[in-house]
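What follows is each chain in one-letter form.
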Amino acid sequence: MEPDQPTVGVDLPVRPSRAAAAWVIVAASLILLWSVVATWLLAIPAAAQAVCPAVHPAPAGCSPARVPVAALWSAILIATYATVTILAVKARHRGFGALIGGVVLLAALAFAAHRVTLQV
């Protein structure tokens, strides 16, 4: 059977266009940028003269234990972003649902990264 011939009775996934793949990459890039910046704003230590109140969760910059957690979550987010980008560029034949699923997964991991870093 030729790949360009329609098949009878088989529902093929709708192939997203290049524009849809570009929008997925833009959305994933914005999510990655926001999540990495927000996570590291929590983790970067405050200035030496800053006073940190004894509250839980600690304010941004008041917990040096957040640095390794932020580094780990940054690596996880970058790996997920790379996977979503490769899926959008190379594997467009998987359907639009896979692309949207990748962006939703990245957003969920970004939320988890922020919450976990905040709680350390």
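Everything below is about the structure shown above.
Before going into details, it helps to say that this report is about the structure given with it. (Residues numbered from 1 in each chain as written. Predicted model: local features only at pLDDT ≥ 70, side-chain atom pairs only at ≥ 80, totals over all residues. Heavy atoms only, no water.)

**Points about the packing of helix H1 (residues 18-43) against helix H2 (residues 66-89)**
Reasoning step 1: Between H1 and H2, the shortest axis-to-axis distance is 10 Å and the interhelical angle comes to 175 degrees. Judged by the inter-axis angle, H1 sits roughly antiparallel to H2. On the side of H1, the interface is formed by Ala21, Val24, Ile25, Ala28, Ser29, Leu32, Ser35, Val36, Thr39, Trp40, Leu42 and Ala43, while H2 contributes Arg66, Val67, Ala70, Ala71, Ser74, Leu77, Ile78, Tyr81, Val84, Thr85, Ala88 and Val89.
Reasoning step 2: Residue composition of the contact of H1 with H2, by class: 18 nonpolar, five polar and one charged. (Axes fitted to C-alpha atoms, helices over the stretch in contact; angles between N-to-C directions. Helix = DSSP H or I, 4+ residues; strand = E, 2+ residues; numbered from the N terminus. Parallel < 35°, antiparallel > 145°, perpendicular 65-115°, else oblique. Contact = heavy atoms within 4.5 Å. Nonpolar A, V, L, I, M, F, W, Y, C, P; charged D, E, K, R; others polar.)

**Some points on unusual backbone geometry**
Reasoning step 1: Geometrically, the link from His56 to Pro57 is a cis peptide bond, its omega value of -5 degrees lying close to zero.
Reasoning step 2: Counting through the fold element by element, Pro57 comes out in the loop between H1 and H2.

**Topic: the environment of Trp34**
Reasoning step 1: Tracing the backbone shows Trp34 in helix H1.
Reasoning step 2: By relative accessible area, Trp34 is classed as partly exposed at 49%.
Reasoning step 3: Trp34 sits 76 residues away from Ala110 along the chain, and the two C-alpha atoms are 8.4 Å apart. (Buried < 20%, exposed > 50% of the residue type's maximum accessible area, 1.4 Å probe, protein only.)

**Points about the environment of Arg18**
Reasoning step 1: By the secondary structure assignment, Arg18 is in helix H1.
Reasoning step 2: A sequence separation of 70 residues divides Arg18 from Ala88, and the C-alpha atoms of the two residues are 8.7 Å apart.

**Regarding the state of the cysteines**
Reasoning step 1: The final tally for this structure, using the stated rule, is one disulfide.
Reasoning step 2: Each sulfur of the disulfide joining Cys52 and Cys62 lies 2.1 Å from the other. With the S-S dihedral at roughly -85 degrees, the linkage between Cys52 and Cys62 falls on the left-handed side. Of the two residues, Cys52 sits in the loop between H1 and H2 while Cys62 sits in the loop between H1 and H2, which places them 10 residues apart along the sequence.
Reasoning step 3: Judged by relative accessible area, which is 36%, Cys52 ranks as partly exposed.
Reasoning step 4: On the accessibility criterion, Cys62 (21% relative accessible area) is partly exposed. (Disulfide = S-S within 2.5 Å.)

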